[in-house]
Amino acid sequence: GDSVTQMEGPVTLSEEAFLTINCTYTATGYPSLFWYVQYPGEGLQLLLKATKADDKGSNKGFEATYRKETTSFHLEKGSVQVSDSAVYFCAPNFGNEKLTFGTGTRLTIIP
Amino acid sequence: NAGVTQTPKFQVLKTGQSMTLQCAQDMNHNSMYWYRQDPGMGLRLIYYSASEGTTDKGEVPNGYNVSRLNKREFSLRLESAAPSQTSVYFCASSELGGADTGELFFGEGSRLTVL
(Lines give C-alpha, C1' and ligand atoms only; values in the text may rest on other atoms or scores of the structure.)
Protein backbone atom coordinates (compact mmCIF):
# COMPACT_ATOMS: atom_id res chain seq x y z
CA GLY A 1 0.00 0.00 0.00
CA ASP A 2 0.91 3.66 -0.12
CA SER A 3 3.28 4.77 2.60
CA VAL A 4 5.88 7.37 3.59
CA THR A 5 9.18 6.90 5.40
CA GLN A 6 10.92 9.81 6.97
CA MET A 7 14.36 10.15 8.46
CA GLU A 8 14.25 9.58 12.17
CA GLY A 9 15.49 12.21 14.53
CA PRO A 10 16.41 13.94 16.50
CA VAL A 11 18.86 15.90 14.39
CA THR A 12 21.19 18.40 16.03
CA LEU A 13 23.28 20.78 13.94
CA SER A 14 25.39 23.84 14.49
CA GLU A 15 24.24 27.16 13.08
CA GLU A 16 25.15 27.62 9.37
CA ALA A 17 25.46 23.86 8.81
CA PHE A 18 23.90 22.14 5.79
CA LEU A 19 20.67 20.28 6.44
CA THR A 20 19.16 17.26 4.75
CA ILE A 21 16.08 15.44 6.01
CA ASN A 22 15.25 12.37 3.96
CA CYS A 23 11.77 11.40 2.86
CA THR A 24 10.83 8.51 0.60
CA TYR A 25 7.46 7.16 -0.36
CA THR A 26 5.84 4.08 -1.83
CA ALA A 27 2.86 4.69 -4.06
CA THR A 28 0.90 3.09 -6.87
CA GLY A 29 0.46 6.48 -8.52
CA TYR A 30 2.15 9.86 -8.44
CA PRO A 31 1.34 11.71 -5.25
CA SER A 32 1.65 15.39 -4.60
CA LEU A 33 4.36 15.94 -2.00
CA PHE A 34 4.52 18.40 0.89
CA TRP A 35 6.72 19.39 3.80
CA TYR A 36 5.13 20.78 6.94
CA VAL A 37 6.88 22.43 9.88
CA GLN A 38 5.80 22.59 13.51
CA TYR A 39 7.45 25.24 15.67
CA PRO A 40 7.43 24.75 19.45
CA GLY A 41 3.97 25.12 20.92
CA GLU A 42 2.30 25.66 17.58
CA GLY A 43 0.27 23.74 15.03
CA LEU A 44 1.69 22.54 11.73
CA GLN A 45 2.07 24.87 8.79
CA LEU A 46 2.83 24.20 5.16
CA LEU A 47 6.49 24.80 4.34
CA LEU A 48 6.69 23.85 0.66
CA LYS A 49 5.20 21.57 -1.95
CA ALA A 50 5.74 19.91 -5.32
CA THR A 51 2.96 18.41 -7.36
CA LYS A 52 4.75 16.63 -10.20
CA ALA A 53 8.03 15.00 -11.07
CA ASP A 54 11.10 17.26 -11.15
CA ASP A 55 9.22 20.13 -9.52
CA LYS A 56 11.20 21.97 -6.86
CA GLY A 57 9.41 23.47 -3.91
CA SER A 58 11.09 26.24 -1.96
CA ASN A 59 10.36 28.54 0.96
CA LYS A 60 12.35 30.27 3.73
CA GLY A 61 15.61 28.97 2.25
CA PHE A 62 14.40 25.35 2.28
CA GLU A 63 14.17 23.32 -0.91
CA ALA A 64 12.91 19.90 -1.94
CA THR A 65 12.81 18.28 -5.38
CA TYR A 66 10.25 15.69 -6.47
CA ARG A 67 12.36 12.73 -7.62
CA LYS A 68 10.12 10.20 -9.33
CA GLU A 69 12.95 7.80 -10.14
CA THR A 70 13.95 7.44 -6.49
CA THR A 71 10.48 8.18 -5.04
CA SER A 72 12.01 10.77 -2.76
CA PHE A 73 11.41 14.33 -1.61
CA HIS A 74 14.35 15.23 0.60
CA LEU A 75 14.31 18.56 2.43
CA GLU A 76 17.48 20.66 2.26
CA LYS A 77 18.78 23.97 3.49
CA GLY A 78 22.22 25.35 2.85
CA SER A 79 22.74 27.26 6.10
CA VAL A 80 20.45 26.62 9.04
CA GLN A 81 19.63 29.12 11.75
CA VAL A 82 18.56 28.72 15.35
CA SER A 83 15.08 29.82 14.32
CA ASP A 84 14.80 26.70 12.11
CA SER A 85 14.59 24.51 15.22
CA ALA A 86 11.28 22.69 14.81
CA VAL A 87 9.72 19.38 13.86
CA TYR A 88 9.48 18.69 10.12
CA PHE A 89 6.92 16.39 8.54
CA CYS A 90 6.90 14.91 5.06
CA ALA A 91 3.32 14.50 3.84
CA PRO A 92 2.34 12.92 0.53
CA ASN A 93 -1.17 13.09 -0.82
CA PHE A 94 -1.84 9.71 -2.37
CA GLY A 95 -4.98 10.93 -4.10
CA ASN A 96 -7.55 10.02 -1.46
CA GLU A 97 -8.35 13.57 -0.38
CA LYS A 98 -6.25 13.18 2.75
CA LEU A 99 -2.63 13.79 3.59
CA THR A 100 -0.48 11.05 5.07
CA PHE A 101 2.08 12.41 7.50
CA GLY A 102 5.49 10.94 8.18
CA THR A 103 6.63 10.40 11.76
CA GLY A 104 8.34 13.79 11.94
CA THR A 105 11.98 14.79 12.40
CA ARG A 106 12.91 17.00 15.32
CA LEU A 107 15.64 19.49 14.36
CA THR A 108 17.64 21.44 16.91
CA ILE A 109 20.12 24.10 15.83
CA ILE A 110 22.84 25.06 18.27
CA PRO A 111 24.30 28.61 18.14
CA ASN B 1 -7.11 36.81 12.07
CA ALA B 2 -7.99 33.75 14.18
CA GLY B 3 -7.74 30.95 11.58
CA VAL B 4 -8.43 27.63 13.32
CA THR B 5 -9.30 27.81 17.02
CA GLN B 6 -9.35 24.79 19.31
CA THR B 7 -10.62 24.53 22.86
CA PRO B 8 -9.58 23.51 25.42
CA LYS B 9 -5.80 23.70 25.06
CA PHE B 10 -5.20 21.36 27.99
CA GLN B 11 -7.41 18.78 29.67
CA VAL B 12 -6.90 16.02 32.21
CA LEU B 13 -9.51 13.28 32.42
CA LYS B 14 -9.99 10.14 34.44
CA THR B 15 -10.58 6.86 32.66
CA GLY B 16 -14.22 6.56 31.65
CA GLN B 17 -14.97 10.27 31.63
CA SER B 18 -16.28 11.96 28.51
CA MET B 19 -15.36 15.22 26.89
CA THR B 20 -15.68 17.19 23.67
CA LEU B 21 -12.94 19.04 21.86
CA GLN B 22 -14.22 22.04 19.99
CA CYS B 23 -12.85 23.42 16.73
CA ALA B 24 -13.89 26.45 14.74
CA GLN B 25 -12.45 28.04 11.58
CA ASP B 26 -13.16 31.46 10.16
CA MET B 27 -11.75 30.93 6.67
CA ASN B 28 -14.97 29.63 5.09
CA HIS B 29 -13.29 26.29 4.38
CA ASN B 30 -15.35 23.31 3.36
CA SER B 31 -13.15 20.51 4.70
CA MET B 32 -12.18 19.93 8.31
CA TYR B 33 -10.06 17.27 9.99
CA TRP B 34 -9.14 15.88 13.38
CA TYR B 35 -5.66 14.39 13.87
CA ARG B 36 -3.86 12.99 16.87
CA GLN B 37 -0.11 13.34 17.35
CA ASP B 38 1.82 10.74 19.29
CA PRO B 39 5.59 10.46 19.77
CA GLY B 40 7.23 8.47 16.98
CA MET B 41 3.99 8.09 15.06
CA GLY B 42 3.50 11.43 13.38
CA LEU B 43 -0.03 12.63 12.80
CA ARG B 44 -2.82 10.14 12.32
CA LEU B 45 -6.21 11.08 10.95
CA ILE B 46 -9.14 10.33 13.25
CA TYR B 47 -12.10 11.72 11.29
CA TYR B 48 -12.63 14.23 8.56
CA SER B 49 -15.52 16.15 7.05
CA ALA B 50 -15.32 17.03 3.37
CA SER B 51 -18.29 19.37 3.63
CA GLU B 52 -21.02 20.46 5.98
CA GLY B 53 -23.23 17.52 6.81
CA THR B 54 -20.74 14.78 5.96
CA THR B 55 -18.17 12.96 8.07
CA ASP B 56 -15.87 10.03 7.33
CA LYS B 57 -13.57 7.82 9.34
CA GLY B 58 -9.85 8.21 9.10
CA GLU B 59 -7.07 5.89 10.16
CA VAL B 60 -7.85 5.68 13.90
CA PRO B 61 -11.57 6.41 14.54
CA ASN B 62 -12.26 3.90 17.31
CA GLY B 63 -13.30 5.53 20.59
CA TYR B 64 -14.22 8.84 18.97
CA ASN B 65 -17.25 10.53 17.49
CA VAL B 66 -17.49 13.76 15.54
CA SER B 67 -20.10 16.33 14.68
CA ARG B 68 -19.94 18.85 11.86
CA LEU B 69 -22.22 21.35 13.51
CA ASN B 70 -22.09 23.85 10.65
CA LYS B 71 -19.55 24.99 8.13
CA ARG B 72 -17.41 26.63 10.80
CA GLU B 73 -17.42 24.05 13.57
CA PHE B 74 -16.23 20.45 13.85
CA SER B 75 -16.19 18.81 17.27
CA LEU B 76 -14.52 15.62 18.48
CA ARG B 77 -16.06 13.64 21.33
CA LEU B 78 -14.55 10.99 23.55
CA GLU B 79 -17.45 9.09 25.11
CA SER B 80 -15.42 7.02 27.56
CA ALA B 81 -11.82 8.14 27.73
CA ALA B 82 -9.02 5.60 27.95
CA PRO B 83 -5.31 6.11 28.76
CA SER B 84 -4.50 5.16 25.13
CA GLN B 85 -6.23 8.37 24.09
CA THR B 86 -3.62 10.49 25.85
CA SER B 87 -2.30 12.56 22.98
CA VAL B 88 -2.14 15.96 21.36
CA TYR B 89 -5.14 16.58 19.13
CA PHE B 90 -5.06 18.90 16.13
CA CYS B 91 -7.94 20.28 14.15
CA ALA B 92 -7.30 21.43 10.59
CA SER B 93 -9.27 22.89 7.73
CA SER B 94 -8.86 23.33 4.00
CA GLU B 95 -10.65 24.45 0.91
CA LEU B 96 -12.68 21.85 -0.93
CA GLY B 97 -10.09 19.59 -2.48
CA GLY B 98 -7.50 21.37 -0.38
CA ALA B 99 -5.85 18.14 0.53
CA ASP B 100 -4.91 17.87 -3.12
CA THR B 101 -2.95 21.08 -2.78
CA GLY B 102 -1.68 20.13 0.65
CA GLU B 103 -2.76 23.40 2.16
CA LEU B 104 -4.20 22.43 5.49
CA PHE B 105 -4.47 25.07 8.18
CA PHE B 106 -3.95 23.77 11.71
CA GLY B 107 -5.03 24.88 15.13
CA GLU B 108 -2.53 25.09 17.99
CA GLY B 109 -3.49 21.73 19.41
CA SER B 110 -5.22 20.35 22.49
CA ARG B 111 -3.16 18.31 24.93
CA LEU B 112 -5.26 15.60 26.55
CA THR B 113 -4.11 13.37 29.40
CA VAL B 114 -6.22 10.42 30.52
CA LEU B 115 -5.30 9.01 33.91
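Not measured: the values here are computed from a predicted model.

### Some words on the confidence of the model for chain B
In step 1: The pLDDT averaged across chain B works out to 91; a share of 93% of its residues lies at or above 70.
In step 2: Mean pLDDT values over the elements of chain B span from 56, in helix 1 (residues 98–101) of chain B, up to 98, in strand 8 (residues 74–78) of chain B.

### Quick look at the packing of aromatic side chains
In step 1: Scanning the entire structure with this criterion turns up 12 aromatic pairs over all chains.
In step 2: With a centroid separation of 6.3 Å and an interplanar angle of 80°, the aromatic rings of A:Tyr25 and A:Tyr66 are classed as edge-to-face. Highlighted residues: A:Tyr25 in strand 4 (residues 23–26) and A:Tyr66 in the loop between strand 8 (62–65) and strand 9 (75–77), separated in sequence by 41 residues. By the burial criterion, A:Tyr25 is buried, and A:Tyr66 matches it.
In step 3: Aromatic pair A:Phe101 and B:Tyr35: ring centres 5.4 Å apart, planes at 90°, arrangement edge-to-face.

### Some words on the sheet that holds strand 1 (residues 4–7) of chain B
All names here are of chain B.
In step 1: In spatial order, the strands read 1-3-8-7; together these 4 strands make up an open sheet with antiparallel pairing. Looking at which strands have only one partner, the edges of the open sheet turn out to be strand 1 and strand 7 (64–68). In this sheet, neighbouring strand axes are inclined to one another by 15° on average, regardless of whether the strands run parallel or antiparallel.
In step 2: Note: strand 3 (residues 19–25) against strand 8, 3 bridges, orientation antiparallel.

### Considering the interface of chain A and chain B
In step 1: In this assembly, 18 residues from chain A lie in contact with 19 residues from chain B.
In step 2: A combined buried area of about 1500 Å² lies between chain A and chain B, and 55% of that area is made up of carbon and sulfur atoms.
In step 3: Inspection of the region where chain A meets chain B yields 1 salt bridge.
In step 4: At the junction of chain A with chain B, the criterion picks out 3 residue pairs in polar contact (both at pLDDT 80 or more).
In step 5: When contributions to the side of chain A that touches chain B are tallied by element, the ones reaching two or more residues are strand 5 (32–38), strand 6 (44–50) and strand 10 (86–93) of chain A.
In step 6: In terms of residue count, the dominant contributor to the side of chain A that touches chain B is strand 5 of chain A (4 residues).
In step 7: The residue inventory of the side of chain A that touches chain B, partitioned by class, reads 7 nonpolar, 7 polar and 4 charged.

How each quantity is defined
- Residues numbered from 1 in each chain as written.
- Chains lettered and ligands numbered in written order.
- Predicted model: local features only at pLDDT ≥ 70, side-chain atom pairs only at ≥ 80, totals over all residues.
- Heavy atoms only, no water.
- pLDDT = per-residue confidence, 0-100.
- Helix = DSSP H or I, 4+ residues; strand = E, 2+ residues; numbered from the N terminus.
- Phe/Tyr/Trp six-rings, centres within 6.5 Å; stacked < 30°, edge-to-face > 60°.
- Buried < 20%, exposed > 50% of the residue type's maximum accessible area, 1.4 Å probe, protein only.
- Pairing = 2+ DSSP bridges.
- Axes fitted to C-alpha atoms, helices over the stretch in contact; angles between N-to-C directions.
- Contact = heavy atoms within 4.5 Å.
- Buried area = accessible area lost by both parts, 1.4 Å probe.
- Salt bridge = Lys/Arg side-chain N within 4 Å of Asp/Glu carboxyl O.
- Polar contact = N/O pair within 3.5 Å; in protein donor to acceptor, adjacent residues only side chain to side chain.
- Nonpolar A, V, L, I, M, F, W, Y, C, P; charged D, E, K, R; others polar.

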